[in-house]
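Here is what each chain is made of, one letter per residue.
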Amino acid sequence: MTNLITTEFTPRATADHILDGVALNGKRMIVTGGASGIGAQTVRALAKAGAEVTAAVRNPAALQPIIQEAKDKNWPGTINAARLDLADLGSVREFTDSW
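Residues numbered from 1 in each chain as written. Predicted model: local features only at pLDDT ≥ 70, side-chain atom pairs only at ≥ 80, totals over all residues. Heavy atoms only, no water.

(A) Focus on the overall build of the protein. Helix and strand counts for the protein come out as four helices and three strands. Reading the protein from its N end, one meets helices and strands in the order α-β-α-β-α-β-α. Along the three orthogonal principal directions, the C-alpha set of the protein runs to about 45 × 40 × 25 Å. Counting over 99 residues, the protein shows a buried share of 30%. Taking the intrachain contacts of the protein between residues at least 6 apart in sequence as the baseline, contacts between residues at least 24 apart amount to 59%. When the accessible area of the protein is evaluated, it comes to approximately 6,800 Å², of which 52% is carbon and sulfur surface. Taken together, the 10 basic and 10 acidic charged side chains of the protein have centroids lying 2 Å from each other. (Helix = DSSP H or I, 4+ residues; strand = E, 2+ residues; numbered from the N terminus. Buried < 20%, exposed > 50% of the residue type's maximum accessible area, 1.4 Å probe, protein only. Contact = heavy atoms within 4.5 Å. Areas by Shrake-Rupley, 256 points an atom, 1.4 Å probe, with all protein chains shown as cover. Lys, Arg positive; Asp, Glu negative; His and termini not counted. Charge placed at Lys NZ, Arg CZ, Asp CG, Glu CD.)

(B) Focus on the nonpolar core. The biggest cluster of nonpolar side chains holds 17 residues, and the ones touching the most others in it are Val43, Leu46, Val53, Leu63, Ile66 and Ile79. Going through the elements one at a time, α2 (37-48), β2 (52-57) and α3 (64-72) are the ones with two or more residues in this core. The leading source of residues in this core is α2, at four residues. Sequence-distant contacts of Leu63, defined by excluding residues within four places in its chain, comprise Gly34, Ala35, Ala55, Ile79, Asn80 and Ala81. (Core = buried A, V, L, I, M, F, W, Y, C linked by side-chain atoms within 4.5 Å.)

(C) Summary view of the confidence of the model for the protein. On average, residues of the protein carry a pLDDT of 94, and 99% of them reach 70 or more. Per-residue pLDDT, averaged within each element of the protein, yields its smallest value for helix α1 (residues 15-19) (89) and its largest for β2 (98). (pLDDT = per-residue confidence, 0-100.)

(D) Representation of the pairing of strand β1 (residues 28-32) within the structure. Bridge count between β1 and β2: five bridges; the pairing is parallel. In the strand pairing of β2, Thr32 is matched with Ala56. After leaving β1, the chain enters α2 and then returns to the sheet as β2, a path that is right-handed. (Pairing = 2+ DSSP bridges. Right-handed = clockwise from strand over helix to strand, strands pointing away.)

(E) A look at the pairing of strand β3 (residues 78-83). Two strands pair when backbone bridges link them, and β2 and β3 are joined in this way by six bridges, in the parallel orientation. In the strand pairing of β3, Thr54 is matched with Asn80.

(F) Main features of the layout of surface pockets. Of the voids in this model, the largest pocket is the one considered here, and its volume is about 190 Å³. Lining the largest pocket, in full, are Thr32, Gly33, Ala35, Ser36, Ala56, Val57, Arg58, Asn59, Ala62, Leu84, Asp85 and Leu86. Here the lining of the largest pocket is built from residues that sort into six nonpolar, four polar and two charged. (1 Å grid on protein atoms, 1.4 Å probe; cavity = no way out; pocket = protein on both sides within 12 Å on 5 of 7 lines; lining within 4 Å. Points joined across faces, edges and corners; volume = space filled by probe spheres on them. Nonpolar A, V, L, I, M, F, W, Y, C, P; charged D, E, K, R; others polar.)

This is the structure in structure tokens:
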């Protein structure tokens with residue numbers, strides 16, 4: 001018999017809700033696709049919780065509004081943009097070598 005993993009979170013839970021009370025200071029995270037959609041929300045939530053977040057994106061300039069938002073709102077974590085195109089093995093190598 002398998003033990004089910006349960007959680008208090010519903011399908012409508014947000015990243016902020018899930019990370020409420022979690023301190024990620026001193027933790028490094030990589031988020032792919034961090035400039036838009038669910039990736040951007042994940043970057044925001046992790047930075048608000050204190051993490052050092054590297055958003056791996058095809059166009060690092062697209063992340064600038066989120067980086068500025070973090071500075072303006074004085075989030076405890078940091079956000080860095082790094083170029084990564086998962087369809088280009090050379091780009092993947094460059095990313096991993098620099099991280």
